[in-house]
Amino acid sequence: MPKITFIRADGSQQVLDGAVGQSVMQLATAHGISEIEADCGGACACATFHVIVEPDWAGRLPPQGVMEADMITFAAGVTPTSRLSCQLTITDNMDGLILHLPTQQV
Amino acid sequence: MDATKINLTDPAFWQGPVNFEAFATLRRDLPISWHDFCEGPEHGMTGFWALTRYDDIVTVSQNSSLFRNQPSTYIGDQSEEEAQHEGWFLNMDGPRHFMLRSVVQKILSPKGVERYRANAEAHATALVLAAKEKGEVDFATDVAQPYPVAVICDFLGAPPSDRKHMHYLTQHALAGDAPELGGPASVASYFKELNDYGTALARERRRSPKDDFVSYLHTVEVDGRRFTDEEIGVQFQLLVTAGMETTGTVGTHMMRLFMENPDQMALWATDPDGLAAGAVEEMVRLITPVMHMRRTAAEDTEIAGQKIAAGDKVVMWFISGNRDETKFQHPDHFHIQRNPNPHMGFGGGGRHTCLGAHLARMELPILAKLTLKHLSRPEPAGEPVYVASRFANGMLSLPVRFNQGVRT
């Protein structure tokens, strides 16, 4: 199972075992990561799934689709490696992925 | 069937149950087809492209910069101002849409709707037990429709005495293209009456706030200012129309599906809580309470080889995409354990996805569980009546009797 590390704004870390095929959002919310508010449930309608990808990893993830690119502009504190976790489907290639959690979603 | 002869604007096409054979023909032979309005009040309005395949609908739904909700999501012609009086931020794009939607999004999030669960349970219990007591009811008008009407009216702050009137106005506003509900020319007047009702309620709550959504809207600031009473009135209307007819439609069809598929009803009854989440998604797929939405092309483009000009209307027929053979095995079957079930009953994804989806996902399992427990062995007690609308896949009447030969 791919291991994914979530790093909070205060520096604390949580490492979770992801299941291939689930979204990063599903993994995070199932383990009580409350920084991902997940207001729309994963339909890419709310921009409250914001995560910031560790720069080393940014180029190794599948590129943003048009829907994610549109919606992420509304998230707070967007960086060049920001993604919406509802649109990141976990694959075996994501073992070791490091994601930073924002302090505020929108 | 000749795909070129199918005209989705013809009122006769929408009589009775949905013509799924025609949509299957369109998907196979003419997946993107042009439709001009037939005789009637909409004759002479600009026609539209009809998208019937799942993938094409997703393409349009998810690309909100190329396929816009402005000026309107109405299938006919309407000014931007008229559209915003009827659909408010549904008929907007860009940051303003996002800001206005965000005001409601958290309240109707999966966590947010939990606040309304106890009230929903109380309403559903009262309606189902009353039906059990009678033994024979119109499941549409006695149970499935009044249930979400009561929940959304309590949520918004409309008093119980006005529930029936709210539902009457909503049904005529959303399904008003059906001749028996007034026809397309009358639709605007029902939206206006709902807006006026919402505005009056907003005025009242401005004076004396209560613990309801209309009162809450007076506390919100968007773009550095509070909403006017009229703006709150339109938001009231948007939520009342969206929250009543859709869930009422799914609840009514649920009973029809139970009668047509007793095996699936029996299966669900073996584990009402455990199977509910998937079963509800399957009902929303098969029923597709909102059958279409329109977008407008922002520039010249192409969808699956079909040239689309800037300004063309593009209509996503969710009712067809939800039965696309390339996405769903045996798409016409009611299969409560269908998995995966990437249906488009709440839209094809993206920023205009159904805002009330999680409210419906909270409400419907409650109704289903109570129905399975108390209303066993349902059987038809008269002819069902379908709404002859191209927009709302509703039922006006579904007479049913229960518990025949069962000691309860």
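Residues numbered from 1 in each chain as written. Chains lettered and ligands numbered in written order. Predicted model: local features only at pLDDT ≥ 70, side-chain atom pairs only at ≥ 80, totals over all residues.

An unreviewed UniProt entry lists chain B under the name Cytochrome P450, with Thiothrix eikelboomii given as the organism.

An unreviewed UniProt entry annotates chain A as Ferredoxin, 2Fe-2S of Thiothrix eikelboomii. In its Cofactor (unreviewed entry) section, UniProt records this for chain A: "[2Fe-2S] cluster". The UniProt entry for chain A carries the following text under Sequence similarities (unreviewed entry): "Belongs to the adrenodoxin/putidaredoxin family." (UniProt positions renumbered as here; feature names shortened; annotations may be inferred.)

Participant: With reference to specific residues and values, describe the overall build of chain B.
Facilitator: Of the regular secondary structure elements, chain B holds 15 helices and 14 strands. Over its C-alpha atoms, taken along the principal directions, chain B stretches across nearly 65 × 60 × 40 Å. Expressed as a percentage of its 408 residues, the buried residues of chain B come to 49%. Within chain B, counting contacts between residues at least 6 apart in sequence, those at least 24 apart form 71% of the total. (Helix = DSSP H or I, 4+ residues; strand = E, 2+ residues; numbered from the N terminus. Buried ≥ 20, exposed ≤ 12 C-beta atoms within 10 Å, placed from the backbone. Contact = placed C-beta atoms within 7 Å.)

Participant: I'd like a description of the environment of Ser 82 of chain A, backed by residues and values.
Facilitator: All names here are of chain A. In this fold, Ser 82 is placed in strand S4 (residues 82-84). Residue classification places Ser 82 among the partly exposed residues on the basis of 19 C-beta atoms within 10 Å. C-alpha separation for the pair Ser 82 and Val 51, spaced 31 residues apart in sequence, amounts to 5.8 Å. When sequence neighbours within four positions are dropped, the list of residues in contact with Ser 82 reads His 50, Ile 52, Ile 72 and Ala 75.

Participant: Explain the packing of helix H5 (residues 117-134) of chain B against helix H15 (residues 357-374) of chain B to me, using residue names and the numbers behind them.
Facilitator: For any two helices packed against each other, one specifies the inter-axial angle together with the distance between the axes. Residues and elements named next belong to chain B. Packing of H5 against H15 leaves a shortest axis separation of 9 Å and a crossing angle of 30°. When the axes of H5 and H15 are compared, the pair comes out roughly parallel. Crossing of H5 against H15: the hand is right-handed. Residue-level contacts link Arg 117, Ala 120, Glu 121, Ala 124, Thr 125, Val 128, Leu 129 and Lys 132 of H5 to Met 362, Glu 363, Ile 366, Leu 367, Leu 370, Thr 371 and His 374 of H15. Broken down by class, the residue content of the contact of H5 with H15 amounts to eight nonpolar, three polar and four charged. (Axes fitted to C-alpha atoms, helices over the stretch in contact; angles between N-to-C directions. Parallel < 35°, antiparallel > 145°, perpendicular 65-115°, else oblique. Left-handed = near helix turned anticlockwise from the far one by under 90°. Nonpolar A, V, L, I, M, F, W, Y, C, P; charged D, E, K, R; others polar.)

Participant: Account for unusual backbone geometry, with residues named and values stated.
Facilitator: Peptide bonds are, in most cases, trans, and in most cases residues other than glycine have a negative phi. Residues Gln 70 of chain B and Pro 71 of chain B are joined by a peptide bond in cis, for which omega reads 5°. The linkage connecting Asn 339 of chain B with the following residue, Pro 340 of chain B, adopts the cis geometry, with an omega of 0°. For Pro 340 of chain B, the position within the fold is in the loop between helix H14 (318-321) and H15. A positive phi angle, close to 60°, is found at Ala 38 of chain A, a residue other than glycine. In this structure, Ala 38 of chain A sits in the loop between helix H1 (24-30) and strand S3 (50-53).

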